[in-house]
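Residue-level listing of the chains:
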Amino acid sequence: MPDLQPLITDLAFGESPRWHDGRLWVADWGAQEVLAVDLEGNKEVVVRVSFPSFPMGIDWLPDGRLLVVSPSQGLLLCREPDGSLTPYADLTGLSAYPWNEVVVDGRGNAYVNNIGFEFPGGEFAPGSVALVTPDGTARKVAEGIAFPNGMVVTPDNSTLIVAESYASRLTAFDIAANGSLSNRRVWAGLDGGAPDGICLDAENAIWYGDVPNKRCVRVRQGGEVLQAIHLDRGCFACILGGAARRTLFLMATEWRGPANMVDGSRTGQVLTAAEAPAPGVGWP
């Protein structure tokens, strides 16, 4: 690594990558679409939404149904077998601000995080994480997070790790049997890094996308930098996928500031780097 190859080069604003059922899935926030892409770059539009889709996280329930975050409605939506989107959980009682990323653990619990202020343009305030249990009940399980972004759950369902974009750190929580979070701690300080989307590998290292620093970085618990891949534009997220989960997929888009994130240009790319040091594990 890194021998970067483009897989897609015409996204409006690609985010929330997931490897699922042999394909890479991408939420194109700028185009209000969820795409599934094979390793040859052939793409299928699986979901089109009519609501404002910035941001729009995605992940899967254990039964194979796709969850989609509708930030403007304060809803977690579920894609049914007939292709329709139906409400899965109502989050409006937990926050009036936009919801962002979602990750579903191995027990079917969905963790959804909330930015905590109007973005872009609003005055900063810390965000939160909500738990949605398999019966659709939602409750807040963590607060005081400085712009919560990407999240991962370890393979044993014991730990949730959250990227705090405005605090230059990855923060870990223990997960209880009922899904509650406790024992908050710094998993890694990132020394000026701005972590966005993240993924976990089998050597207990995390890759994180970094928009302002135009890079994707692999770090060990404690913050030691193991590798950095530098790009010509912001890296918003990453995921390990492919047949052995050793291909690193990078979501890259030109960054023109918060007010111009979705400006009609299509500078979004999916780049691939083969043979990552360790395969992806956990969720997503």
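Computed from a predicted model, the values in this text were never measured in an experiment. (Residues numbered from 1 in each chain as written. Predicted model: local features only at pLDDT ≥ 70, side-chain atom pairs only at ≥ 80, totals over all residues. Heavy atoms only, no water.)

Asks: Talk me through the pattern of salt bridges; I want residue IDs and the actual numbers.
Replies: Within the structure shown, the criterion is met by 18 salt bridges. Between Lys140 and Glu143 there is a salt bridge, with its nearest N and O atoms 3.8 Å apart. The salt bridge partner of Asp210 is Arg215, with a shortest N-O separation of 3.3 Å. Both residues of the pair, Asp210 and Arg215, belong to the buried class. Several salt bridges share partner residues, and in doing so they unite Arg18, Asp59 and Glu101 into one network. (Salt bridge = Lys/Arg side-chain N within 4 Å of Asp/Glu carboxyl O. Buried < 20%, exposed > 50% of the residue type's maximum accessible area, 1.4 Å probe, protein only.)

Asks: Tell me about the layout of surface pockets, and name the residues and values.
Replies: Taken as a whole, the second largest pocket encloses approximately 240 Å³ of empty space. Lining the second largest pocket we find 16 residues, and of these Trp19, His20, Asp59, Trp283 and Pro284 sit closest to its centre. Taken together, the elements giving at least two residues each to the lining of the second largest pocket come down to β2 (14-20), β6 (58-60) and β22 (234-241). With 3 residues, β2 is the single largest residue contributor to the lining of the second largest pocket. Residues belonging to the lining of the second largest pocket are distributed by class as follows: 9 nonpolar, 3 polar and 4 charged. (1 Å grid on protein atoms, 1.4 Å probe; cavity = no way out; pocket = protein on both sides within 12 Å on 5 of 7 lines; lining within 4 Å. Points joined across faces, edges and corners; volume = space filled by probe spheres on them. Helix = DSSP H or I, 4+ residues; strand = E, 2+ residues; numbered from the N terminus. Nonpolar A, V, L, I, M, F, W, Y, C, P; charged D, E, K, R; others polar.)

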